[in-house]
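Residues per chain are reported as follows:
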Amino acid sequence: MPLTLTQLSDLATLPFDDIIDVRSPAEFATDHLPGAVNLPAMSNEERARVGTIYVQDSPFKARKIGAAIVARNVAAHLEGPLSAHNGAYKPLVYCWRGGQRSRSVAIILQQIGWRADTITGGYQAYRRLVSKTLYEGVMPCPVVVIDGGTGTAKTRLLHHLAAQGAQTLDLEAMANHRGSLFGPLSDAQPSQKAFESSLAGEMAHLVPERPVYVEAESSKIGRLIIPPTLWQAMIAAPNLRLTCPMQARITHLLDAYPDMLAQPEKLVSILEQLIRYHGRENVKSWQEMASERAYSPLIRALIETHYDPRYMRISRAHAPVAKSIDLPDLSDSTLATTAAQLISAE
């Protein structure tokens, strides 16, 4: 009997060995259920071909050709990724709408003797739960925003909080972006839907009685938008504003951006984007520092000229009242002690 998802927290307790997404690789790459593996019933090209036949020729012909394709692909999965499973194997199978692809695959697996089942409504049913959580719901617990200028180790404090048992949402990790001009952690961010899946999944397990700590961000992290349920809570949340000596900030940023500092030519190119804010002469001098690997004076100049003035404008507008936390340094011991103090005051 098909499974009906009623809330996202159900996913953590599903009595299945695997969640199998039988959609095409392109569909899977855009977004999928947490922990799902992709064993496609049709490839990207096969799905496009069957869809064209369905529209331009005949639904019957499309179903017949589609059935042959699905049978061949399931055979390959049975001889490959699924070959080691014994008779007690219990997979949950889903496709786009819980239609023919997932039912066809599940029937074959059931005939083998495996206890396969499907999801009512497929991926779309799951996606509706994510959208409801992030676009129509309210935060399940209080939010506390960790704020502070560039280089004050907000992310590292968040990690220390998590390590000591606090509830946290690491938005930059989910977005694969450090939330600044120099922010991408790799060549690609996830899709908006995949980002939202990660966020909604984390939110589903928050304990209502305890706060969740979130690093201050703009409404977008790279090209990804923070959904309104969280964003509105962040705007209204109390802020903890970190401060520390300039040299500690510079040292922290030198450690935090090794990928960027290893590629001065890339850094020179990125600095080009600051011309509209600071003029060609200023940016040219910063680019020369980057080319010469004079990173400490470059970081100081960027903090004093670009980041701190920008931060002060934004913080006055969005978080005029904040509790200041003055850190003597940004060592792990200092951050760990700060995290412990925050947790004890919850």
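Preceding block: the structure.
Structure report, in brief. (Residues numbered from 1 in each chain as written. Predicted model: local features only at pLDDT ≥ 70, side-chain atom pairs only at ≥ 80, totals over all residues. Heavy atoms only, no water.)

Observations concerning the overall build of the chain
Here's step 1: Helix and strand counts for the chain stand at 15 helices and 11 strands.
Here's step 2: Taken over the C-alpha atoms alone, the chain extends approximately 70 × 45 × 35 Å along its principal axes.
Here's step 3: When each of the 346 residues of the chain is scored for burial, the buried share is 46%.
Here's step 4: Restricting the contact set of the chain to residue pairs at least 6 apart, pairs at least 24 apart contribute 73%.
Here's step 5: Of the roughly 17,300 Å² that the chain leaves accessible, carbon and sulfur atoms contribute 55%.
Here's step 6: Side chains of the chain carry 34 positive and 34 negative charges; the gap between the two charge centres is 7 Å. (Helix = DSSP H or I, 4+ residues; strand = E, 2+ residues; numbered from the N terminus. Buried < 20%, exposed > 50% of the residue type's maximum accessible area, 1.4 Å probe, protein only. Contact = heavy atoms within 4.5 Å. Areas by Shrake-Rupley, 256 points an atom, 1.4 Å probe, with all protein chains shown as cover. Lys, Arg positive; Asp, Glu negative; His and termini not counted. Charge placed at Lys NZ, Arg CZ, Asp CG, Glu CD.)

Points about unusual backbone geometry
Here's step 1: Positioned with a positive phi, Ala153 is a non-glycine residue whose angle comes to about 65 degrees.
Here's step 2: Summarising the element assignment, Ala153 is placed in the loop between strand 5 (143–148) and helix 6 (154–163).
Here's step 3: With a relative accessible area of 3%, Ala153 lands in the buried category.
Here's step 4: For Asn176, which is not glycine, the phi dihedral falls at a positive 55 degrees.
Here's step 5: Inspection of the secondary structure assignment puts Asn176 in the loop between helix 7 (171–175) and helix 8 (192–203).

Quick notes on the packing of aromatic side chains
Here's step 1: Following the criterion strictly, the structure yields 3 aromatic pairs and no others.
Here's step 2: When the centroid spacing of 5.4 Å and the interplanar angle of 25 degrees are considered together, the rings of Trp96 and Tyr123 count as stacked. Linking Trp96 in the loop between strand 3 (91–94) and helix 4 (100–112) with Tyr123 in helix 5 (residues 122–136), this pair joins segments that are 27 residues apart in sequence.
Here's step 3: Take Trp96: its relative accessible area is 26%, and that puts it in the partly exposed class.
Here's step 4: Taking relative accessible area as the criterion, Tyr123 reaches 2% and is therefore assigned buried.
Here's step 5: Ring centres 6.0 Å apart and planes at 50 degrees place the aromatic pair Tyr123 and Tyr126 in the tilted group. Here Tyr126 and Tyr123 lie together in helix 5, a separation of 3 residues that amounts to about one turn.
Here's step 6: On the basis of relative accessibility, which here comes to 1%, the residue Tyr126 falls in the buried class.
Here's step 7: An aromatic cluster is present here, built from Trp96, Tyr123 and Tyr126 joined pairwise through their rings. (Phe/Tyr/Trp six-rings, centres within 6.5 Å; stacked < 30°, edge-to-face > 60°.)

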